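Chain by chain, the residues:
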Amino acid sequence: MKLFLKRDNLEDGAGFTVFNQSGYSKYNVRIITEKTKQRIIISRTNDPVSEIIYKELVIRYFTVRCRGRVYILVPGFKDCFTFVIYGSTYRFAGDIASGRFSLFDVDKSPVMNQKKCWGKYGDGYELEIYDNEQEYFSVSVAVCAAMYVSAVESSALRFE
């Protein structure tokens, strides 16, 4: 199944919208900034399907809660920006910064691919999800990647 993730400015705060192939909104992503963290809620018609907590202690990391499971995504850098995923057998391949990456299961079968796209809904990301059981987690990983890229860009040094 193909989905499209696009940055959106909602009335009650910045977020994202996830569209299906027909252009209809499938998920809304709301970002709530608190004192020491950001809560990101992915919902389908006001029914939350995933909650993400983004914190920065010594390092930046995401805690994803969906389908009764908890996952920790820790950004890392070797040759490119990646996520180390705790709480799952999934492996991350690709580069967060380029917007092009994949999730693979332990048997090397693809779970999700993401790439940048430009379309009638604006600039965003195309998600190809192969495992319908992992749709919520796949969308959560894509949102975490987009949040991480925007956080890194906003904290970059600016010269006046």
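Quick look at the overall build of the protein chain
Check the secondary structure of the protein chain and you find 1 helix and 12 strands. Listed by position from the N terminus, the elements making up the protein chain come as β-β-β-β-β-β-β-β-β-β-β-β-α. For the protein chain, buried positions account for 43% of its 160 residues. At a minimum sequence separation of 6, the contacts of the protein chain that also span at least 24 residues come to 31%. Taken as a whole, the protein chain presents about 9,300 Å² of accessible surface, with 50% of it coming from carbon and sulfur.

Section: the nonpolar core
Counting residues in each nonpolar core, the largest one holds 40 residues, and the members touching the most others are Phe62, Leu73, Phe83, Phe137, Val139, Val141 and Val143. Here this core gets 11 residues from one element, more than from any other, and that element is helix H1 (residues 135-154). Setting aside anything within four residues of it in sequence, one finds Phe137 in contact with Val64, Cys66, Tyr71, Leu73, Ile85, Tyr90 and Leu103.

Things to note about the side chain of Ser50
Relative to the helices and strands, Ser50 is located in strand S5 (residues 47-56). Within the structure, the side chain of Ser50 is placed 2.7 Å from the side chain of Ser140, a separation counted as a polar contact. Ser50 has contacts with Ile40, Ile41, Ile42, Val64, Arg65, Cys66 and Ser140, leaving out every residue within four places of it along the chain.

Some remarks on the pairing of strand S6 (residues 60-66)
Counting buried positions over the 7 residues of S6 gives 6, a clear majority of the element. Two strands pair when backbone bridges link them, and S5 and S6 are joined in this way by 7 bridges, in the antiparallel orientation. Of the residues in S6, the one forming a bridge with Ile53 is Thr63. Between S5 and S6, which pair antiparallel and follow one another directly, the connecting turn spans 3 residues. Note that S6 and strand S7 (residues 69-77) share 5 bridges and pair antiparallel. Across the sheet, Phe62 pairs through a bridge with Leu73, a residue of S7.

Things to note about the packing of aromatic side chains
Centre-to-centre distance and the angle between the planes together describe a pair of aromatic rings. What the rule picks out here adds up to 9 aromatic pairs. When the ring of Phe81 is compared with that of Tyr148, the centres are 5.9 Å apart and the planes differ by 65°; the resulting orientation is edge-to-face. Of the two residues, Phe81 is situated in strand S8 (residues 81-86) and Tyr148 in helix H1; the sequence distance between them amounts to 67 residues. Note on Phe81: relative accessible area 27%, which makes it partly exposed. Within the aromatic cluster, the residues linked to one another by ring pairs are Tyr54, Phe62, Phe81, Phe83, Phe92, Phe101 and Tyr148.

Side note on the confidence of the model for the protein chain
The predicted model of the protein chain has a mean per-residue pLDDT of 86, with 88% of residues at 70 or higher. Under a pLDDT of 50 for its full length, residues 155-160 has, in the predicted model, 2 contacts with residues more than four places off or in other chains.

Some points on the environment of Phe19
Looking at the secondary structure, you find Phe19 in strand S2 (residues 13-20). Phe19 sits in the buried class, given a relative accessible area of 15%. Sequence-wise, Phe19 and Leu5 are 14 residues apart; in three dimensions their C-alpha atoms are separated by 6.6 Å.

Conventions we followed
Counting of residues starts from 1 at the beginning of each chain's written sequence and follows it residue by residue. Local features are withheld for residues below a pLDDT of 70 in this predicted model, meaning they are given only at 70 or higher, and side-chain atom pairs are given and counted only at 80 or more; totals for whole chains, interfaces and linings count all residues. Heavy atoms throughout the structure, all of them, feed into the side-chain values; hydrogens and water do not. In this text, helices come from DSSP runs of H or I with a minimum length of four residues, and strands from runs of E with a minimum of two, each type numbered from the N-terminal end. The buried label applies to any residue whose accessible area, calculated with a 1.4 Å probe on protein chains only, is under 20% of its type's maximum; exposed applies above 50%, and partly exposed to all values in between. Contacts are assigned to residue pairs with any non-hydrogen atoms lying within 4.5 Å of each other. Computed by Shrake-Rupley with a 1.4 Å probe, the accessible areas treat only the displayed protein chains as cover when residues are assessed. What we call a nonpolar core is a set of buried Ala, Val, Leu, Ile, Met, Phe, Trp, Tyr and Cys residues that are connected through their side-chain atoms within 4.5 Å. Residues adjacent in sequence count toward polar contacts only when both atoms are side-chain atoms; beyond that, a polar contact is any pair of N or O atoms within 3.5 Å, and within protein one must be able to donate a hydrogen and the other to accept it. Following DSSP output, two strands are said to pair if at least two bridges run between them. Only rings of Phe, Tyr and Trp enter the pairing, Trp through its six-membered ring, and a pair is recorded when the two centres are within 6.5 Å. The plane angle decides the type: under 30 degrees is stacked, over 60 is edge-to-face, the rest tilted. Scored between 0 and 100, pLDDT is the confidence that the predictor attaches to each residue.

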